[in-house]
Structures are given as structure tokens and as C-alpha cells.
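# Topology and contacts: notes
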Amino acid sequence: MTDRKVRVRFAPSPTGPLHIGGVRTALYNFLFARHYGGDFILRIEDTDQARYVEGAEEYIMEALEWSGIKVDEGVREGGPHAPYRQSERKEIYRQYAMDLLDKGDAYYAFDAPEELEKLREDCEARGETFNYGCATRGKMLNSLTLSDKEVKQRTASGQQYVVRYRMPDNEDIYFTDIIRGDIVVNTSTLDDKVLFKSDGMPTYHLANIVDDHLMEISHVIRGEEWLPSLPLHVMLYRSFGWSAPLFAHLPLLLKPTGKGKLSKRDGDKMGFPVFPLYWPYGETATGYREEGYFPEAFVNMLALLGWNPGTEKEIFTMEELIEAFSIDRVGKSGSRFDPEKARWFNTRYFQMKSDEALAALFMPVVNEKGYNPSVEALVKAVSLVRERAGFVSDLWKETDFFFIAPEAYDQEVVKKRWNEDSPRIISELRTVVSGIEPLYSDNCERIVKEWISERGLSTGTVLNLFRLLIVGASRGPHLFDIVEWIGRDETLRRLDNGVKHLSQQP
Ligand code: GLU
């Protein structure tokens, strides 16, 4: 830890829908901030206009909101370091690029993109890679090889240029990552990255470091894919003379097979979403929200993909996550994504909800189907079937027969249960049911069973037949609970219809 106030940021680039790995990064930042009573900042890194995707920024904000990840400072929330969208901070970065140029830690480069491309290709043909760095910069078109006069002329005449960082030659730099430990990198292996372009736009590296400094970020918690940029970032802090934040690079989310990074294709292939919300543009994608996941379950699942609480406990509210979260317990190795486990989490949260809460979520589905039960009736129906479901969207197929009388009968069951005695048995059953008062489940069960035993019939045969006519199949909760729910008139009607229908069968 540091003595600085904890201030962390999630800094996505709006280049498409936010992957669940990104949501996990945001979540860990948020949990970390809350755990230490710090601030969580959302900064939109949109300096790469070529990769900008319309709708992505709103998507990011909506995804965080749905997940219950509350932003303290950001584009919508405002804050002492506004604006929080980098394209609106353009002017700020220029002066820092100039500062590095003045210090001699950066230089202008005028090499034409085609020239660089050609050099790259030539190197590739020889099986090498081209690096614009200490070994090559002396042979290129830049302010290190050109005279001051020429440089001035070129910049003044509006010639396109980039500002590159001048990576020192052959120096070991030491730094520490909270998750990875101590790292040493020799600067000769690093290239001179572009920091700023003549169109006035900074690149990711410059804007990111400047903003982290100006926004007083204490800890940078981000995906492992940024680890290779860390040496440059450390060097930039050194060049500016700023103290660097602490860094923690989170391991990747892996495919269910454990091999490689989890991708949209994995989700498409195996039928699970890799995005929090539905993505409506271009190549559309399903989301956890639309697939019926509870945000609490989604967040709980994500929290445990890489962080280990050190106990057997698996179900955490957001408050409990905040309390328990510690960056030291984030593992080094990638976490395999398990779609079954995601469903398991949702089922757990589903089962923790009250009948009333589930019925309230289910009511619109039932209304949509054209039925308007009372809240009380729906609560009862939900209470009878809930143990068979893990999602609100499972409830309709478990309860449809409460609302809809059978129109067809499961032929397997018919073959097994229906014979020429059946109409007579059902007719007697009809009389028995007509006389039961009140038609409560336990009362009905007792009287029907008494009649069965007085008549010397088989309980299995009669009750299965009864269920066949009420439900149309052998599924559903306790039969007498269904009878009580649908009521006497509907029960008798279903018995009559069933007999009529099945007696006509060839
Ligand atoms: N804009 C970068 C991204 O899209 C941010 C990386 C960082 O957190 O430094 O992930």
C-alpha cells in the first residue's frame, strides 16, 4: 500500500462492447477503491479515433451501472479532474509532449509511414523484426539526425511528424507489480514508442500516463495485456519526474478449455455470453442481462474469477466483496471461464430470492403470454415450481399448465396409463372431486386416496392418469397443489376434455 489516498481508475477505450474481462477489471478497481475508502474513476480513452465505435461509451456506462459498479468521478458524474474523456483533454497532452522534447527524452520523427512499412517488410523477409529504437534511430529521419534548422522548417511547414520517446540505451530498469512481483527489463529490448502526432492527438501511452498523474491515481489495476507497456510507463514517470502509482496486472480470463483468451467465438460456439449486455450494433452479441442473469450473480461470479477469498465461501454480496477483497489474493495465472459455474451462481441467487420477488419478475412474462393472474396466485405458482428453476426465464415452462389446459397429451404416458377402464375411473374421480369441500390440496389428496383404496385401485395408475388429464404429461409439481391452484371448475373441465379427447383416439 501507499500513504496516498486510494484513487483508481477504469480506463476503457470505446472500441466495441465491453468484454466481461473488462467488467472484471472495473469490478476489481471498484472493490479495491471501496475497501480502502478511496475513489473509483471512469476515464474514457478515446484518443484513437480510427478505432472509435459509436455506442461503445454508453454501453460501458450502462454495463457498469447494471453490474452495480458505481463511478465516483467520470464523464457523466463529473469531478475535480473533469473532463474525463480524453478527446476533450487534447490540449493538455501537447504541453507534456513538448516538455519531453525540451528535456531531450523525446524527439520528432518525420519518417513516412510507407518508408517504415518497407523497412518492416524488409526485416520480416530476413526473419527479423524492425524496431524503431536505439539501434536504428540514428539512421532515420528525425530530430536526432537532422539539423535544428531542418527540424524547424519541417514542423513549421506543416509536415506530418510524430513525437517518439527516446528510450535509453542498455539500461536495466527495475519495477514491481503487486501481482507479478519484481521485474527487470533492459531498455535495449524496447522501442521508441510514438507519444504524440502532428494532428494534435496523443497516443495511449502519453495520455494514459499524463492523466493518471493529473488525476492522482494511486494504483493502476488493469489487464495483463498492458504488462508489456509497463517499462515504458515507468520510464515516462521517471522522465517527467513524477512518482509512479503502484501497478497490478490482472491475469487473463481463459477459454473454458483453459487454453487461450476467452473470446466471443467461444461464447457463440458454446452458447454463453461474453458480454454483460446485448450489443446491438454491427455484429450483434448476447449479454448476461438479456440472458436473464441477475447482476448480483454475474458480479459474484466475476469476482471469483481470479480472486480467491482464502475461504470456502462462494456467495458474496457486493458489500461482502468490498469487505473481503484484497489485491494480494489475485492469482498470477489465468482463470478458466466456466459457463456451468455462471449458471450455478445464477441458480443460487434465484433460490435466495423470495417467492414474491420472483413472482414480481415473472409477472411481465405471464402478462406477455396473455394471462393476468393475481399477485397472490402467481406467488403460489412460483412457490410450487421454483426449485426446478435457476432463471426467471425457466419459470414459464414450469408453470404453463397452470394457465393453459392441455391441448395434446404425451403419447408415451397415454400408452402406459390409458385403457378402456379409464373413462369409468375418471368419471368416478370426477364425482369425488365435485364433492370435496374445500378443495384444498391436502384435503383433496386425502379424500381421493381414500376413494382409491376403498375401490381397490392402484394409486399409481389413478394419480398418473389424473395428472395426465390435468397437465397433459407426467411433469409438474405436486398434483393436488395444481388442482387447488386451478380450482374445481377448471379441474372438472380438464377431466371432461381429457376423456373426450382420449376416448376418440384410435
Ligand atoms: N485504454 C486502455 C484499455 O483500453 C487502458 C489500459 C490501462 O488501464 O492503462 O484497456
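A brief report on the enclosed structure follows.

The rules behind the values
- Numbering of residues begins from 1 in every chain and follows the order in which that chain's sequence is written.
- Only residues with pLDDT of at least 70 are given local features in this predicted model, and only at 80 or more are side-chain atom pairs given and counted; all residues enter the totals for whole chains, interfaces and linings.
- Values shown for side chains rest on all heavy atoms present in the structure; no hydrogens or waters enter the calculation.
- Classification of ring pairs rests on two measures: the distance between centres of Phe, Tyr or Trp rings, Trp counted by its six-membered ring, which must be within 6.5 Å, and the angle between planes, read as stacked under 30 degrees, edge-to-face over 60 and tilted in between.
- Helix and strand labels come from DSSP, where a helix needs a run of H or I of at least four residues and a strand needs a run of E of at least two; each type is numbered from the N terminus.
- For every residue, the accessible area obtained with a 1.4 Å probe (protein chains only) is divided by the maximum for its type, and the residue is called buried under 20%, exposed over 50%, and partly exposed between those limits.
- Think of it as a cone above the ring: NZ of Lys or CZ of Arg counts as a charge over the ring if it is within 6 Å of the ring centre and within 35 degrees of the ring normal.
- Contacts were defined at the residue level, with two residues in contact if any of their heavy atoms lie within 4.5 Å.
- Residues are counted as near a molecule or strand when any one of their heavy atoms sits within 4 Å of it.
- Polar contacts, as used here, are pairs of N or O atoms within 3.5 Å; protein pairs need one atom able to donate a hydrogen and one able to accept it. Residues neighboring in sequence count only if both atoms are side-chain atoms.
- Each accessible area is a Shrake-Rupley result for a 1.4 Å probe, and residues are judged covered by the shown protein chains and nothing else.
- The classification used treats Ala, Val, Leu, Ile, Met, Phe, Trp, Tyr, Cys and Pro as nonpolar, Asp, Glu, Lys and Arg as charged, and all other residues, Gly among them, as polar.
- At least two bridges found by DSSP between two strands are what make those strands a pair.
- The definition of a right-handed crossover adopted here requires that, viewed with the strands pointing away, the path from the first strand over the helix to the second runs clockwise.
- To estimate how far a helix should extend, the number of its residues minus one is multiplied by 1.5 Å.
- By convention in these notes, a salt bridge is any Lys or Arg side-chain nitrogen within 4 Å of a carboxyl oxygen on Asp or Glu.
- Whenever a helix is involved, its axis is fitted only over the stretch in contact; in every case the axis is a line through C-alpha atoms, and angles between N-to-C directions fall within 0 to 180 degrees.
- Oblique is the label for any angle not under 35 degrees, not over 145, and not in the 65 to 115 range, which are roughly parallel, roughly antiparallel and roughly perpendicular in turn.
- Should the near helix be turned anticlockwise from the far one by less than a right angle, the crossing is termed left-handed; should it be turned clockwise, right-handed.

A few words now on the packing of aromatic side chains. A complete count under the given rule lists 30 aromatic pairs for this structure. Here Phe-402 and Trp-485 contribute two aromatic rings whose centre-to-centre distance is 4.8 Å and whose plane-to-plane angle is 65°, an arrangement assigned as edge-to-face. With Phe-402 in helix H14 (residues 395-403) and Trp-485 in helix H19 (residues 479-486), the pair connects residues that are 83 residues apart, well separated along the chain. For the pair Phe-466 and Phe-480, a centre-to-centre distance of 6.1 Å together with 75° between the ring planes defines the contact as edge-to-face. Here Phe-480 lies in helix H19 and Phe-466 lies in helix H18 (residues 459-471), a separation of 14 residues in the sequence. Classification of Phe-466 by relative accessible area gives buried; the value is 0%. Put simply, the rings of Tyr-371, Trp-396, Phe-401, Phe-402, Phe-403 and Trp-485 pair up and form one aromatic cluster. Geometry around Phe-294 places Lys-353 over its ring, the cationic atom sitting 4.6 Å from the centre.

Bringing the environment of Trp-396 into the picture now. Tracing the chain through its elements places Trp-396 in helix H14. For Trp-396, a relative accessible area of 14% corresponds to the buried category. Leave out the neighbours within four places in its chain, and Trp-396 touches Phe-362, Val-366, Lys-369, Tyr-371, Phe-403 and Ile-404.

Glancing now at the site of the ligand. Every residue near the ligand is listed here: Arg-9, Ala-11, Pro-12, Ser-13, Glu-45, Tyr-204, Asn-208, Arg-222 and Trp-226. Arg-9 places a polar side-chain atom, nitrogen or oxygen, 2.7 Å from an oxygen atom of the ligand. Between the ligand and the protein, one listed contact pairs a nitrogen atom with a side-chain N or O atom of Ser-13 at 3.0 Å. About the coverage of the ligand: the protein hides 85% of its 290 Å² of free accessible area. Of the residues assigned to the shell around the ligand, the class counts are 4 nonpolar, 2 polar and 3 charged.

Once that is clear, we can look at the pairing of strand S1 (residues 7-10). Side-chain direction in a regular strand flips from residue to residue, so the side chains alternate between the two faces of the sheet. Residues Arg-7 and Arg-9 line one face of S1 and the alternating positions Val-8 and Phe-10 line the opposite face, and both faces are buried. As paired elements, S1 and strand S2 (residues 39-42) share 4 bridges and run parallel to each other. Each bridged residue has a counterpart across the sheet, and for Phe-10 the counterpart in S2 is Leu-42. Each parallel crossover has a hand, and the one from S1 via helix H1 (residues 20-35) to S2 is right-handed.

Between its terminal C-alpha atoms helix H16 (residues 422-435) stretches 20 Å, which fits the 20 Å expected from 14 residues at 1.5 Å a residue. Tucked inside the fold, the buried residues of H16 contact helix H15 (411-417), helix H17 (441-454), H18 and helix H20 (488-503).

Here we take up the side chain of Ser-67. Here Ser-67 lies in helix H2 (residues 56-67). A polar side-chain atom of Ser-67 sits 2.7 Å from the main-chain carbonyl oxygen of Ala-63.

Okay, the pattern of salt bridges next. Per the counting criterion, the structure on display carries 41 salt bridges. Its salt-bridge partner being Arg-85, residue Glu-57 comes within 2.7 Å of it at the nearest N-O pair. Placement of Glu-57 in helix H2 and of Arg-85 in the loop between H2 and helix H3 (90-103) is noted, with a sequence separation of 28 residues between them. Across the pair Glu-128 and Arg-126 runs a salt bridge, and its minimum N-O distance is 3.5 Å. Residue class for Glu-128 comes out partly exposed when judged on its relative accessible area of 39%. For Arg-126, a relative accessible area of 54% translates into the label exposed. What emerges from the salt-bridge pattern is a single network uniting Arg-9, Arg-43, Glu-45, Arg-89, Asp-211 and Asp-212.

It is worth spelling out the packing of H17 against H18 at this point. Between H17 and H18, whose axes approach to 10 Å, the crossing angle comes to 135°. Taken as axis vectors, H17 and H18 run oblique relative to one another. The interaxial crossing formed by H17 with H18 has right-handed handedness. Contact residues: Val-448, Lys-449, Trp-451 and Ile-452 in H17; Thr-459, Val-462 and Leu-463 in H18. Among the residues forming the contact of H17 with H18, the class breakdown is 5 nonpolar, 1 polar and 1 charged.

This part covers unusual backbone geometry. The amide bond that connects Ala-82 to the next residue, Pro-83, takes the cis arrangement and shows omega of 0°. Looking at the secondary structure, you find Pro-83 in the loop between H2 and H3. Note the cis peptide between Glu-437 and Pro-438, where omega equals -10°. Relative to the helices and strands, Pro-438 resides in the loop between H16 and H17. Despite not being glycine, Asn-170 has its phi angle at roughly 50°, a positive value. The topology assignment puts Asn-170 in the loop between strand S4 (162-165) and strand S5 (172-177). Residues other than glycine seldom take positive phi values, yet Glu-216 does so here, at roughly 55°. Take Glu-216: it is sitting in the loop between helix H6 (204-214) and strand S8 (219-223).

The 3 strands are arranged S3-S4-S7 in an open sheet whose pairing can be described as antiparallel. This sheet does not close on itself; its edge strands, each paired only once, are strand S3 (106-109) and strand S7 (194-197). Averaged over all pairs of adjacent strands, the angle between strand axes in this sheet comes to 30°, irrespective of strand direction. Strand direction decides the pairing type here: S3 and S4, joined by 4 bridges, are antiparallel. Of the residues in S4, the one forming a bridge with Tyr-107 is Arg-164.

Let's shift gears to the environment of Leu-101. For Leu-101, the location among the structural elements is in helix H3. For Leu-101, a relative accessible area of 15% gives the class buried. Distance in space between the C-alpha atoms of Leu-101 and Val-375 is 70 Å, their sequence separation being 274 residues. If near-sequence neighbours (up to four positions away) are discounted, Leu-101 is found in contact with Ala-106, Tyr-107, Tyr-108 and Val-163.

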